[in-house]
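This is what each chain is made of:
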Amino acid sequence: MSDRYIDFANSSLGQRLVAALGLPSPARLERWEAGRLRPVDGALLLGGGPLARNVSAFAHKLTEHIYSYGPEPLLAQAWIPGHGPTLKAVLFDASDLQHTGQLKQLREFFQPLLRNLDHSAHLVILGRDPQTLSDPFAASAQRALEGFSRSLAKELRNGGTLQLLYVGAGAEDQLEGALRFFLSPKSAYVSGQVVRLKACATQVQDWTRPLAGRQALVTGAARGIGASIAETLARDGAEVVLLDVPAAKADLDALAGRLGGQAITLDICAEDAATRLIEQLPGGIDIVVHNAGITRDKTLANMTPEFWDAVLAVNLNAPQVLTKALLDSGTLHDNGRVILLASISGIAGNRGQTNYAASKAGLIGLAQAWAPLLEDRGISLNAVAPGFIETQMTAHIPFALREAGRRMSSLGQGGLPQDVAEAVAWLAQPGSGAVSGQALRVCGQSVLGA
Ligand SMILES: NC(=O)c1ccc[n+]([C@@H]2O[C@H](COP(=O)([O-])OP(=O)(O)OC[C@H]3O[C@@H](n4cnc5c(N)ncnc54)[C@H](O)[C@@H]3O)[C@@H](O)[C@H]2O)c1
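The text that follows walks through the structure, step by step, so that each part is easy to find. Just so we're clear, the structure is a prediction, and the values are computed from it rather than from any experiment.

**Looking at the pairing of strand S5 (residues 117-127)**
One face of the sheet, then the other: side chains in a regular strand alternate in exactly this way. When you tally the buried positions in S5, you get eight out of 11 residues, the bulk of the element. As defined by bridge partners, strand S4 (residues 87-93) adjoins S5 across six bridges and the pair is classed as parallel. Across the sheet, the residue bridging to Leu-87 is Leu-117, located in S5. Each parallel crossover has a hand, and for S4 linked through helix H4 (residues 104-110) to S5 it is right-handed. Strand direction decides the pairing type here: S5 and strand S6 (residues 161-167), joined by six bridges, are parallel. Counted as the bridge partner of Leu-126 is Leu-165 from S6. Note that the unit made of S5, helix H5 (residues 136-155) and S6 has a crossover that is right-handed.

Structure follows, in structure tokens:
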């Protein structure tokens, strides 16, 4: 469903009215378009500590326009505030900040460039996970990056985003994949996130088709976010298997036909769902996206057992049962990727959604608890938690709540199914075993539960 307010706020009359009345002024976000090759369409600025040098080694694959800023020996052509080009992407390595006095480097680096950011600019700060540091002052300085980055993300205008990546020992060689996502329009609706990278044995071979040779199963693929995920995984080279309920067969077959994929009609809550699914995947599977989900909203006082049971069965029990069966039968290959569609409702809670929020929080807990147990097989398990996404599910929300859902975020608008799909596609990559047991929000830095 379209958001007419964005069009209005970006019209010449709208811009004046919005400014005069102090209303939110959401930017039109730039998104990844088919055929595009370079992640950064403009100038990339590098600065800060030693990891910026790691990035400079592959930065020419991100963009032709690389600049550096700061006191460090120059990594690239010097960027001069007010004279250099406007910046489409910025990377600052704060991993060597060890004590409070050094934190001023954040202000010194970022302040001069904030008025020189291009439209939909993407910023990334690199750090070291405080929990891995033995020096309490260094850990405190690295934790300070979280407050800084989440706050600066809220101050960005014009569709800008900012994330903090804690880079674990040995994870440096996975930075390219992460930056191809976080410095590009693929992460248009992701902001204010903290992501931890760890070492990962597998790498992407071909960045134009990062999922080539991989088989991907997407549940609930007939429409909405699931359809977009299937399209995006296929775009990235995966062979897709699309699953949905028998009632959605016509849409499912049409999409599978268009993507050259396989369609499976199956209710994931059926008694024999796991057996039937495994039968239809004789060659096994590399990527499993548990996207099928339902809402049956009522306050708890009015919640029927049927509403409660249906939501918990589809959203939480089925992903648990199916994933376990795929693992136990060996259908899910080693180095597999499992992605669970959670929701910020599962983080923040939502009135009228005790059942839904419980199911989505349960998925986040599942990813956290199961990921370490699957590490020795190279399998990663993550949750993606969308905020307000423009789909048939959210089109049914009453107008006032819908508007609140859209505007109560740093980007001031709802996201698109494509935004969630891009995050899933990134987590599905061979190198994204660097991320596991985490929940990535795709919510425009919604104020809910942040
Ligand atoms: N739209 C949003 O704003 C939003 C926000 C947060 C999370 N999510 C989550 O993202 C996922 C997709 O959401 P959407 O908005 O595209 O929903 P949607 O209702 O448009 O699509 C869900 C799909 O799942 C399928 N499905 C439902 N029950 C099934 C079952 N038992 N077996 C097989 N398939 C089944 C449906 O037929 C449908 O095609 C859901 O898990 C949802 O909870 C959505």
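**Here's the deal with the layout of surface pockets**
Taken as a whole, the second largest pocket spans an internal volume of roughly 500 Å³. Every residue lining the second largest pocket is counted, 26 residues in all, and those nearest its centre are Arg-150, Gln-193, Val-194, Ala-439 and Arg-441. Residue assignment for the lining of the second largest pocket shows that the elements contributing at least two residues are H5, strand S7 (193-197), helix H12 (354-374), strand S13 (380-386), helix H15 (417-427) and strand S14 (439-442). Tallied by class, residues from the lining of the second largest pocket come to 11 nonpolar, nine polar and six charged. The two domains that each donate at least three residues to the lining of the second largest pocket are domain 1 (31-197) and domain 2 (215-442).

**Regarding unusual backbone geometry**
Located in the positive-phi region is Ser-120, a residue other than glycine, with phi close to 50°. Counting through the fold element by element, Ser-120 comes out in strand S5. Of note, the phi angle at Asn-335 is positive, near 60°, even though the residue is not glycine. Inspection of the secondary structure puts Asn-335 in strand S12 (residues 332-341).

**Digging into the sheet that holds strand S11 (residues 285-290)**
Within the open sheet, the seven strands sit side by side as S10-S9-S8-S11-S12-S13-S14. Their pairing is parallel. At either end of the open sheet lies a strand with only one pairing partner, and these are strand S10 (262-265) and S14. This sheet shows a mean twist of 20° between the axes of neighbouring strands, independent of strand direction. Two elements, strand S9 (residues 239-244) and S10, share four bridges in a ladder whose sense is parallel. Bridged to Val-241 within S10 is Gln-262. Contacts from H15 reach S11, S12, S13 and S14 within the one sheet, and its direction differs from that of S14 by about 155°.

**Notes on the side chain of Gln-438**
With respect to the secondary-structure elements, Gln-438 resides in the loop between H15 and S14. Given a relative accessible area of 16%, Gln-438 falls into the buried group. Within polar-contact distance, the side chain of Gln-438 engages the backbone oxygen of Arg-196 at 2.6 Å.

**A word on the sheet that holds S5**
Read across the open sheet, the seven strands follow the order S3-S2-S1-S4-S5-S6-S7; overall the sheet is parallel. Where the open sheet ends on each side, the last strands, each with one partner, are strand S3 (77-78) and S7. In this structure, strand S1 (residues 43-48) lies alongside S4, joined through six bridges in parallel fashion. Within S4, the residue paired with Leu-45 across the bridge is Val-90. Across the sheet, helix H3 (residues 51-58) lies against S1, S4, S5 and S6, angled at about 150° from S1, the strand it touches most. Seen against the sheet, helix H6 (residues 175-182) touches S4, S5, S6 and S7 and runs at an angle of roughly 165° to S6.

**Thoughts on the site of the ligand**
Taken together, the neighbourhood of the ligand is formed by 27 residues, with Arg-223, Ile-225, Asp-244, Asn-291 and Tyr-356 sitting nearest. Contact distances for the ligand include 2.6 Å between an oxygen atom and a side-chain N or O atom of Asp-244. Take Tyr-356: an N or O atom from its side chain is 2.6 Å from an oxygen atom of the ligand. Taken by itself the ligand offers 830 Å² of open surface, and the protein chains cover 93% of this. Elements that contribute at least two residues to the shell around the ligand include exactly helix H7 (224-235), S9, H12 and helix H13 (392-395). Per-class residue counts for the shell around the ligand are 15 nonpolar, eight polar and four charged.

Cut-offs and rules
Residues numbered from 1 in each chain as written. Predicted model: local features only at pLDDT ≥ 70, side-chain atom pairs only at ≥ 80, totals over all residues. Heavy atoms only, no water. Buried < 20%, exposed > 50% of the residue type's maximum accessible area, 1.4 Å probe, protein only. Helix = DSSP H or I, 4+ residues; strand = E, 2+ residues; numbered from the N terminus. Pairing = 2+ DSSP bridges. Right-handed = clockwise from strand over helix to strand, strands pointing away. 1 Å grid on protein atoms, 1.4 Å probe; cavity = no way out; pocket = protein on both sides within 12 Å on 5 of 7 lines; lining within 4 Å. Points joined across faces, edges and corners; volume = space filled by probe spheres on them. Nonpolar A, V, L, I, M, F, W, Y, C, P; charged D, E, K, R; others polar. Domains from an automatic or database assignment. Axes fitted to C-alpha atoms, helices over the stretch in contact; angles between N-to-C directions. Contact = heavy atoms within 4.5 Å. Polar contact = N/O pair within 3.5 Å; in protein donor to acceptor, adjacent residues only side chain to side chain. Near = heavy atom within 4 Å. Areas by Shrake-Rupley, 256 points an atom, 1.4 Å probe, with all protein chains shown as cover.

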